[in-house]
Amino acid sequence: MNVGQFRVSRRSITMTVAFAGLVSLALGAHAALNKHVLDSARAAVGLETTQSIPSNSRFALVIGNGHYPDAGSPLLQPINDARAVTHALRQDGFDVDVIEDATRDDMTRAVARLKGKIKPDSTVMLYFGGYGVQVGRQSYMIPVDAAIWRERDVRSQGMSVEAVLDVMKEQGAQAKLVVLDASRRNPYERRFRAYSRGLAPIDVPEKALILTSATPGKVADDADGQNSLLATEFLKSLKTKPVSAEAVFTNTRTAVTRASDGAQVPAVSSSLVDEVKFGTAVTVRAGS
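Remember, predicted model here, so these are calculated numbers, not experimental data.

**Student:** Can you walk me through the side chain of Asn-186 in this structure?
**Tutor:** The topology assignment puts Asn-186 in the loop between β8 (175-181) and β9 (208-212). With a relative accessible area of 12%, Asn-186 lands in the buried category. Reaching out from Asn-186, the side chain makes a polar contact with the backbone oxygen of Gly-132 at a distance of 3.2 Å. Within the local environment of Asn-186, its side chain forms a polar contact with the backbone nitrogen of Tyr-188, the two atoms lying 3.0 Å apart.

Written as structure tokens, this is what we have:
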């Protein structure tokens, strides 16, 4: 057998490699064309394309407390509000942990879970609907299992808003957003020797934005409807996207004041340095 018959020339190898390259290019072009055609077709009917806008890490803790044993009747709106706010925040790219009718242990565990998620680039939000009480110039969110007869019971059984803000700060959150729909007339305050109303002014840490349902020391009566007035206007303000968080909070304050003819005036406090926007973590719609 002549071994030379099996030798392959350099020219043959070069031609083979060139041919393989042409085939690869052809396949790539075909795939790109198919994707272009598919996206064009989806655009024609208004469907979403495969492109999406990346979002920073966004985390939220949403609490809706309505069934308090010491109250004459349950609060119907906070749980509805928590569910509606959770849906809106998830649409906006937030990782939301929502708890309803939360006990003190439930709230403690939820804050611990939130703490474990926060990173230095995180935008973190706390939403609370239910009863709030001020003691010693701090505002406390009240769990449903609290048995409160004295001011010190609020400290031991409630959860300080400032304490949750401290957790966010310690973990290095880039922005801290808080919405407190808790300036309600509650069944506890008249039991205290020093009678107080509403929430205390909240000490705003750096890079924070806080919205409360009434100005410090004031209370707001729940209006009729599935959702509270604050939650209703907050959700309306979120629908205008993209929009800054400060604009959402300020617009909510203005809308609630007008809707209540001045009977309920929310408070907004800000120490934000960088702009935080809602509506930036969305899927791109074809043709937009």
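**Student:** So what exactly am I meant to see when it comes to the sheet that holds strand β6 (residues 138-141) here?
**Tutor:** The strands making up a sheet associate through backbone hydrogen bonding, with each pair oriented either parallel or antiparallel. Read from one edge to the other, the open sheet built from three strands follows the order β5-β6-β7, with strand pairing classed as antiparallel. A strand with exactly one partner marks an edge of an open sheet, and here the two such strands are β5 (132-135) and β7 (159-160). By the bridge criterion, two bridges tie β6 to β7 in an arrangement that is antiparallel. Note that in β7 the partner of Tyr-140 across the bridge is Ser-160.

**Student:** Is there a simple way to think about the sheet that holds β8 in this case?
**Tutor:** Strand order across the open sheet formed by six strands is β3-β2-β4-β8-β9-β11, with mixed pairing between neighbours. Both edges of this open sheet fall to β3 (95-100) and β11 (267-270), since each of them pairs with a single strand only. Between one strand axis and the next, the sheet turns by 10° as a mean value, whatever way the strands run. Note: β9 against β11, four bridges, orientation antiparallel. Each bridged residue has a counterpart across the sheet, and for Leu-209 the counterpart in β11 is Ser-270. Sheet strands in contact with helix α3 (residues 104-117) are β2 (58-64), β3 and β4 (123-129), and its direction is about 175° off that of β3.

**Student:** I tried to follow the nonpolar core on my own but got confused; where do I start?
**Tutor:** If you look at soluble globular proteins, the nonpolar side chains tend to sit buried side by side. The biggest cluster of nonpolar side chains holds 41 residues, and the ones touching the most others in it are Tyr-68, Met-141, Ile-142 and Met-168. Where this core is concerned, the elements lending two or more residues are β2, α3, β4, β5, β6, α5 (161-170) and β8. Looking at this core element by element, the count peaks at five residues for α5. In this structure, Met-141 is in contact with Met-107, Leu-126, Phe-128, Tyr-131, Gly-158, Met-159, Val-161, Val-164 and Leu-180, ignoring residues within four places of it in sequence. By size, the runner-up hydrophobic cluster in this structure holds 28 residues, among which are Leu-89, Ala-175, Leu-230 and Ala-231.

**Student:** Explanation requested: α3 in the structure shown.
**Tutor:** Note: α-helices contain 3.6 residues per turn, so residues at a spacing of three or four share the same orientation. Along its 14 residues, α3 runs 20 Å from first to last C-alpha, staying within 8% of the 20 Å computed at 1.5 Å per residue. The complete set of buried residues in α3 reads Met-107, Ala-110, Val-111 and Leu-114. Viewed along the axis of α3, the buried residues span an arc of 100°, placing them on a single side of the element.

**Student:** What's the story with the environment of Pro-187 in this structure? I'm lost.
**Tutor:** Mapped onto the elements, Pro-187 comes out in the loop between β8 and β9. Spatially, the C-alpha atom of Pro-187 lies 9.8 Å from that of Trp-149, the residues being 38 residues apart in sequence. Contacts of Pro-187, omitting those with residues within four sequence positions, involve Asp-70, Ala-71 and Tyr-131.

**Student:** Is there a simple way to think about the pattern of salt bridges in this case?
**Tutor:** Where charged atoms of side chains with opposite charge meet at close range, the side chains can pair. For the structure on display, the rule yields nine salt bridges. Measuring nitrogen to oxygen at the nearest pair gives 2.9 Å for the salt bridge that ties Arg-109 to Asp-106. Within this pair, Arg-109 and its partner Asp-106 are both found in helix α3, separated by three residues, close to a single helical turn. Two residues, Asp-221 and Arg-185, come together in a salt bridge whose shortest N-O distance is 2.7 Å. Note that Asp-221 is positioned in the loop between β9 and α6 (229-238) and Arg-185 in the loop between β8 and β9, a separation of 36 residues in sequence. With relative accessibility at 46%, the residue Arg-185 sits in the partly exposed group.

**Student:** I would appreciate a short explanation of the packing of aromatic side chains in the present structure.
**Tutor:** Any two aromatic rings considered together are summarised by their centre-to-centre distance and by the angle between their planes. Taken as a whole and assessed by the stated rule, the structure comprises four aromatic pairs. Each ring, one from Tyr-68 and one from Tyr-131, has its centre 4.7 Å from the other, and the planes form 55°; the classification is tilted. Within this pair, whereas Tyr-68 is found in the loop between β2 and α2 (77-91), its partner Tyr-131 is found in the loop between β4 and β5, the two being separated by 63 residues in sequence. Neither Tyr-68 nor Tyr-131 differs from the other in exposure class; each is buried. With a centroid separation of 6.3 Å and an interplanar angle of 85°, the aromatic rings of Tyr-131 and Tyr-188 are classed as edge-to-face. Separated by 57 residues along the polypeptide, Tyr-131 in the loop between β4 and β5 and Tyr-188 in the loop between β8 and β9 bring together distant segments of the chain. The pair formed by Tyr-131 and Tyr-188 is uniform in burial state, with each residue classed as buried.

Cut-offs applied
- Numbers given for residues are sequential positions, taken from 1 along each chain in its written order.
- Reporting of local features is limited, given that this is a predicted model, to residues whose pLDDT is at least 70; pairs of side-chain atoms are given and counted only at 80 or more, and all residues count toward the totals for whole chains, interfaces and linings.
- Computation of side-chain values covers all heavy atoms of the structure but excludes hydrogens and water.
- Secondary structure follows DSSP: runs of H or I at least 4 residues long count as helices, runs of E at least 2 residues long count as strands, and numbering of each begins at the N terminus.
- Accessibility here uses a 1.4 Å probe with only protein chains present; expressed as a share of the type maximum, an area under 20% marks a residue as buried, one over 50% as exposed, and anything in between as partly exposed.
- Side-chain atoms alone can form a polar contact between residues adjacent in sequence; in general such a contact is a pair of N or O atoms within 3.5 Å, and within protein one must be able to donate a hydrogen while the other accepts it.
- Two strands pair if DSSP finds at least two bridges between them.
- Between N-to-C directions, angles span 0 to 180 degrees; the directions come from axes that are lines fitted to C-alpha atoms, helices contributing only their stretch in contact.
- Between two residues, a contact is recorded if the distance between any of their heavy atoms is within 4.5 Å.
- As used here, the term nonpolar core means buried Ala, Val, Leu, Ile, Met, Phe, Trp, Tyr and Cys residues forming a set that is joined through side-chain atoms within 4.5 Å.
- A helix is expected to span 1.5 Å for every residue after the first.
- When we speak of the arc, we mean the arc of directions from the helix axis to the C-beta atoms.
- Should a side-chain nitrogen of Lys or Arg be within 4 Å of a carboxyl oxygen of Asp or Glu, the pair is scored as a salt bridge.
- Aromatic pairing here means that ring centres of Phe, Tyr or Trp (its six-membered ring) are within 6.5 Å. Orientation follows from the plane angle: under 30 degrees is stacked, over 60 is edge-to-face, and everything else is tilted.

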